[in-house]
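Below are the chains, spelled out letter by letter.
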Amino acid sequence: MARPKVYDPAVLGAQMRDVFWQKGYEGTSLSDLVAATGVRSGSLHAGFGQKSALFAAALDAYDEAFLGAMDVEGRGRDRLRHYIDLLHNRVTTDPAKRGCFVIASASEIDRHTDENREAIQSRIRRMQMYIENAMEEDGVRDPDASAAFLGAVVSLLTLARCNVDTAILRGIRDEAKRRLG
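Remember, it's a predicted structure, so these values are computed and weren't measured experimentally.

Secondary structure assignment for the protein yields 9 helices and 0 strands. N-terminal to C-terminal, the α/β element order of the protein is α-α-α-α-α-α-α-α-α. By principal-axis analysis of the C-alpha atoms, the protein measures approximately 65 × 30 × 30 Å. Expressed as a percentage of the 181 residues in the protein, the buried residues total 38%. For the protein, the accessible surface area stands at approximately 9800 Å², while carbon and sulfur atoms represent 50% of it. Considering the protein, the positive charge centre built from 25 side chains and the negative charge centre built from 26 side chains are found 3 Å apart.

Written out as structure tokens, the structure reads:
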């Protein structure tokens, strides 16, 4: 008779997310996940599957923060100003200097399964569409301006992970806002 699950999948997903976020996909071992979650390897595999499925659960656990950042006040470019302010505040106040889990995972895109590659890429496309839609709300249909803002966001989220001086991160944010007009 199989024992029932005694863990909360949402909590487990968040714990695994933190390990993958800190160590990267390639650097995370099953023993790291066992140590972080307190769940035996057999139970992790039974509940989720192989490492790629454990990562997928971790990525899903990040969605609330990732998508929640796009739920800011304002319209059009004002919304984008609030968005980059929120991201800047998150990354500069994070003592672990983790940046963004999606962007960090994208840096190892070639290490992932096709399904996880698509999951990472779809979240980045979601960010891109968010930016384009916000600009279009103000009548701005400029792919270069959208790309430049996306580049600033990705730079901010990446460089925060590299422990870059906060003055540089502030400069990236401020320049992105200035270019919005």
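That was the structure; now back to the text.
In this section: the nonpolar core. Met-16, Phe-20, Tyr-83, Met-127 and Phe-149 are the most contacted members of the largest nonpolar core, which totals 48 residues. For this core, the secondary-structure elements that each account for two or more residues are α1 (9-27), α4 (51-68), α5 (76-93), α6 (101-106), α7 (114-137), α8 (143-161) and α9 (166-180). Beyond its immediate sequence surroundings of up to four residues, Tyr-83 is in contact with Ala-69, Met-70, Val-72, Met-127, Tyr-130, Phe-149 and Val-153.

Here α7 is 24 residues long and its end C-alpha atoms lie 34 Å apart, about the 34 Å a rise of 1.5 Å per residue gives. What α7 keeps buried is the set Asn-116, Ala-119, Ile-120, Arg-123, Met-127, Tyr-130, Ile-131, Ala-134 and Met-135. Where α7 is buried, its residues touch α4, α5, α6, α8 and α9.

With that settled, the discussion passes to the environment of Val-11. For Val-11, the position within the fold is in helix α1. You can call Val-11 partly exposed: its relative accessible area is 43%. Taking the C-alpha atoms as reference points, Val-11 and Gly-27, separated by 16 residues in sequence, lie 21 Å from one another.

The subject of this paragraph is the packing of α5 against α7. Between α5 and α7, the least distance of the axes is 6 Å, while the angle of their chain directions is 140 degrees. The pairing of α5 with α7 is recorded here as oblique in orientation. Contact residues: α5 offers Gly-76, Arg-77, Arg-79, Leu-80 and Tyr-83, while α7 offers Met-127, Tyr-130, Ile-131, Ala-134, Met-135 and Glu-137.

Under the definition given, this model contains 9 aromatic pairs. Ring pairs connect the aromatic residues Phe-20, Trp-21, Tyr-25, Phe-55, Tyr-62, Phe-66 and Phe-101, which therefore count as one cluster. In this structure, Lys-51 packs its charged tip against the face of Tyr-25, placed 4.5 Å from the ring centre. A cation over a ring is seen here: Arg-98 above Trp-21, with NZ or CZ 3.9 Å from the ring centre.

Quick notes on the rules
Residues numbered from 1 in each chain as written. Predicted model: local features only at pLDDT ≥ 70, side-chain atom pairs only at ≥ 80, totals over all residues. Heavy atoms only, no water. Helix = DSSP H or I, 4+ residues; strand = E, 2+ residues; numbered from the N terminus. Buried < 20%, exposed > 50% of the residue type's maximum accessible area, 1.4 Å probe, protein only. Areas by Shrake-Rupley, 256 points an atom, 1.4 Å probe, with all protein chains shown as cover. Lys, Arg positive; Asp, Glu negative; His and termini not counted. Charge placed at Lys NZ, Arg CZ, Asp CG, Glu CD. Core = buried A, V, L, I, M, F, W, Y, C linked by side-chain atoms within 4.5 Å. Contact = heavy atoms within 4.5 Å. Expected span 1.5 Å × (residues − 1). Axes fitted to C-alpha atoms, helices over the stretch in contact; angles between N-to-C directions. Parallel < 35°, antiparallel > 145°, perpendicular 65-115°, else oblique. Phe/Tyr/Trp six-rings, centres within 6.5 Å; stacked < 30°, edge-to-face > 60°. Lys NZ or Arg CZ within 6 Å of the ring centre and 35° of its normal.

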